[in-house]
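Below, each chain spelled out in residue letters.
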Amino acid sequence: MAPRVRGATDPAERELLSAGDVARTIARMAHQIIEKTSLGGEPTRPVVLLGIPSRGAPLARRLAGLIAEFSDVRVPVGALDTTLYRDDLRRRPNRPLESTTLPEGGIDDCLVVLVDDVLFSGRTIRAALDALRDAGRPASVQLAVLVDRGHRELPIRADYVGKNVPTSRTEEVHVCLDELDGRDGVYLRREDHQ
Amino acid sequence: MKHLLSTDGLDPAQATAVLDTADTLKRTLLGREVRKLPTLRGRTVVTMFYENSTRTRVSFEVAGKWMSADVINVSAGGSSVGKGESLRDTALTLSAAGADLVIVRHPASGAAHRLAGWLEGTGTGVVNAGDGMHEHPTQALLDAATLRERLGTIAGRRIAIVGDVLHSRVARSNVHLLTALGAEVVLVAPPTLLPTGVENWPVSVSHDLDPELPALDAVMMLRVQAERMHGGFFPSAREYSIAYGLSERRFKQLPEHAVVLHPGPMLRGMEIAAAVADSPRAAITEQVRNGVHVRMAVLYHLLAGEEEAA
């Protein structure tokens, strides 16, 4: 996939997180995951990070890298595509599938942390929970998102939030990650302002 | 994409998208206990087979069921076709009864195209599962998927299609798809089993199998379609087998990496030696396995997206 160039000089776009902010935010989330799942201390349940493509997957890999750095624990990482489980397939043009890769040991009886870039309506997470049910039976599931922009349509909340951003529905939150976009950053863009 | 009627004119990007989807589906379902996806819940798929088939009908049915579509099988024998209903009326009946997609196999070339014309404006899509001597697009897609899996790429590969090209819809669909994807295709057959106008196809033609073998990346053996032959196309089965069968001796002339394909059903000892068919370099069972994933991908591309404005 060609990297999408986002928000270079657009006046309708506002930077929410700079590259440095993104790095610090992800590091803080890694610390929170270590603390809340007691990875550093007594081993409880094996923890697995599953990123939701496209941008959740590299986020999950980064979190795993930082967790290994901060706590010396290597957590397995995978990717979980939710496309086949979406409830809006017939409302949008056909979308290409992204790949799902589960860690070798599977996810049965693990603490799965789902990782995504933006939490909005919650429908992607609902689809992810359905996809997870077909992939195995985790002991419990948590959710980590870089940005929570509100406007939930389902009773879903995140366990780890990088940044809460109040938005209006006409705005769009763009997350850029070096792995896919060539640089890091989070931007807010007004949709009517092209 | 609303219908899949032929690979002739199929956009290579679209074909590649279907192959990629098939590949992702295969990897997603690998090692899963429950091979069921909710993607096509509430969609109704009807298979309508006016000709015998094992693998195509079964793999379409499995594909539909694994995607949670409701799959209904209509065979010509057990339906009102036996009472004399026309193809058109049967299709309109199925559409009126709520079919989102009709998968049709018919002995007449062009039947699927006619069907798609009759169903215009009803919202029901059509997949050609083999029409006479014309096309069998999902077979070509699953062959391409198998070749891509075994060889890594299709572009630049040299692939021979050997045998009864004249009666073969599989050969026709493969010629269009494989050349569109950048492969070099050579047809090897006796002059009596080549269609007229073959010189206008984007392929080379040979009547002699042996000299072709060392340069091939894949060889696709076709079944001799006795049911469509009325007249002397070759002197005897034995002579055909000697001239165009993939014997063990010929198999040894192929490069180490070359893949052997057969769309099935095979006539062992006729167009392919039993030992060759069972060799690990033959991908014949894999073709069937890939057939399910490719057909799931076709259903996904035809049924999962937003309905295009007609």
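Residues numbered from 1 in each chain as written. Chains lettered and ligands numbered in written order. Predicted model: local features only at pLDDT ≥ 70, side-chain atom pairs only at ≥ 80, totals over all residues. Heavy atoms only, no water.

A.B. asks: Mind showing me how you'd approach the environment of B:Val294 here?
C.D. replies: Residue and element names in this part refer to chain B. Tracing the backbone shows Val 294 in helix α10 (residues 284-303). Note on Val 294: relative accessible area 1%, which makes it buried. Here the alpha-carbon distance between Val 294 and Ser 75, two residues 219 residues apart in the chain, equals 23 Å. Aside from chain neighbours lying at most four places away, what touches Val 294 is Val 18, Ala 22, Thr 138, Leu 141, Leu 142 and Ala 145. (Helix = DSSP H or I, 4+ residues; strand = E, 2+ residues; numbered from the N terminus. Buried < 20%, exposed > 50% of the residue type's maximum accessible area, 1.4 Å probe, protein only. Contact = heavy atoms within 4.5 Å.)

A.B. asks: I tried to follow the interface of chain B and chain A on my own but got confused; where do I start?
C.D. replies: Interfaces are often described in size by the accessible area the parts lose on coming together. Each side of the interface is counted separately: chain B has 17 residues, and chain A has 15 residues. Taken over both partners, the interface formed by chain B and chain A buries close to 1500 Å², and the fraction arising from carbon and sulfur atoms is 51%. When the buried area of chain B at its contact with chain A is split by residue, B:Arg32, B:Tyr300 and B:Glu306 rank highest and sum to 33% of it. Where chain B meets chain A, there are zero salt bridges. The interface formed by chain B and chain A contains five residue pairs in polar contact (both at pLDDT 80 or more). Broken down by secondary-structure element, the contributors of at least two residues to the side of chain B that touches chain A are α1 (12-29) and α10 of chain B. For the side of chain B that touches chain A, the element with the most residues is α1(B), which contributes five residues. A per-class count over the side of chain B that touches chain A returns five nonpolar, six polar and six charged. (Buried area = accessible area lost by both parts, 1.4 Å probe. Salt bridge = Lys/Arg side-chain N within 4 Å of Asp/Glu carboxyl O. Polar contact = N/O pair within 3.5 Å; in protein donor to acceptor, adjacent residues only side chain to side chain. Nonpolar A, V, L, I, M, F, W, Y, C, P; charged D, E, K, R; others polar.)

A.B. asks: Sorry if this is basic, but what is going on with the confidence of the model for chain B here?
C.D. replies: Close reading of the predicted structure is inappropriate where its pLDDT is low. Residues and elements named next belong to chain B. When the pLDDT values of chain B are averaged, the result is 92; 98% of them are 70 or greater. Mean pLDDT across the secondary structure elements of chain B bottoms out at helix α7 (residues 237-244), with 90, and peaks at strand β5 (residues 158-162), with 98. Scored as a complex, the prediction yields pTM 0.89 and ipTM 0.80. (pLDDT = per-residue confidence, 0-100.)

A.B. asks: Please explain the nonpolar core as it appears in this structure.
C.D. replies: If you look at the biggest cluster of nonpolar residues, it comprises 85 residues, and the most contacted ones within it are A:Leu114, B:Ile103, B:Leu141, B:Leu178, B:Leu187 and B:Met296. If one sorts the elements of this core by residue count, α10(B) sits on top with nine residues. Grouped together as the second largest cluster of nonpolar side chains are 33 residues, A:Leu16, A:Val22, A:Leu39 and A:Leu177 included. (Core = buried A, V, L, I, M, F, W, Y, C linked by side-chain atoms within 4.5 Å.)

A.B. asks: Help me understand the pairing of strand β2 (residues 47-51) of chain A in this model?
C.D. replies: For a regular strand, side chains alternate in direction, first toward one face of the sheet and then toward the other. Residues and elements named next belong to chain A. The buried fraction of β2 is high, at five of five residues. Of the two faces of β2, both are covered, the one formed by Val 47, Leu 49 and Gly 51 as well as the one formed by Val 48 and Leu 50. Pairing of β2 with strand β4 (residues 111-119) involves five bridges; the strand directions are parallel. Directly across from Gly 51, in β4, lies its bridge partner Val 115. As a crossover connection, the stretch from β2 through helix α2 (residues 56-71) into strand β3 (residues 77-79) is right-handed. (Pairing = 2+ DSSP bridges. Right-handed = clockwise from strand over helix to strand, strands pointing away.)

A.B. asks: What is the right way to read helix α5 (residues 137-151) of chain B from this model?
C.D. replies: Three- or four-residue spacings in an α-helix give side chains the same orientation, since the helix completes a turn every 3.6 residues. Look at α5(B): 21 Å from first C-alpha to last across 15 residues, which is about the 21 Å you get at 1.5 Å a residue. Counted residue by residue, α5(B) has 12 buried out of 15 residues, so it is predominantly covered. (Expected span 1.5 Å × (residues − 1).)

A.B. asks: Got a minute to help me understand the sheet that holds strand β5 (residues 140-148) of chain A in this structure?
C.D. replies: Whether parallel or antiparallel, the strands of a sheet pair through hydrogen bonds between backbone atoms. Residue and element names in this part refer to chain A. Pairing within the open sheet is parallel, and its five strands lie in the order β3-β2-β4-β5-β6. The two strands at the open ends of the sheet, each matched to only one other strand, are β3 and β6 (160-164). Pairs of neighbouring strands in the sheet enclose a mean axial angle of 25°, with direction left out of account. Running over the sheet, helix α1 (residues 19-36) touches β4, β5 and β6 and is turned about 150° from β6. (Axes fitted to C-alpha atoms, helices over the stretch in contact; angles between N-to-C directions.)

A.B. asks: When you look at the packing of aromatic side chains in this model, what are you seeing that I'm missing?
C.D. replies: Aromatic ring pairs: the centre-centre distance and the angle between the two ring planes describe each pair. All names here are of chain B. A complete count under the given rule lists two aromatic pairs over all chains for this structure. With a centroid separation of 5.8 Å and an interplanar angle of 35°, the aromatic rings of Tyr 240 and Tyr 244 are classed as tilted. Of this pair, Tyr 240 and Tyr 244 both sit in helix α7, four residues apart, which is roughly one turn of that helix. Taking the relative accessible area as the measure of exposure, Tyr 240 reaches 2% and is therefore buried. (Phe/Tyr/Trp six-rings, centres within 6.5 Å; stacked < 30°, edge-to-face > 60°.)

A.B. asks: Help me understand the sheet that holds strand β1 (residues 13-17) of chain A in this model?
C.D. replies: Residues and elements named next belong to chain A. One open sheet accounts for three strands, arranged β1-β8-β7; its pairing is antiparallel. Since the sheet does not close on itself, it has two edges, and those belong to β1 and β7 (171-176), each with one partner. Adjacent strand axes in the sheet meet at a mean angle of 25°, parallel and antiparallel pairs treated alike. Bridge count for β1 against strand β8 (residues 185-190) is four bridges, and the pairing is antiparallel. Across the sheet, the residue bridging to Glu 13 is Arg 189, located in β8. Contacts from α1 reach β1 and β8, with the element oriented near 35° to β1.

A.B. asks: So what exactly am I meant to see when it comes to the environment of A:Ala64 here?
C.D. replies: Residues and elements named next belong to chain A. Its location among the elements puts Ala 64 in helix α2. In the structure, Ala 64 is positioned 55 residues away from Leu 119 in sequence and 20 Å away in space, judged by C-alpha atoms. Setting aside anything within four residues of it in sequence, one finds Ala 64 in contact with Leu 49, Val 75 and Val 77.

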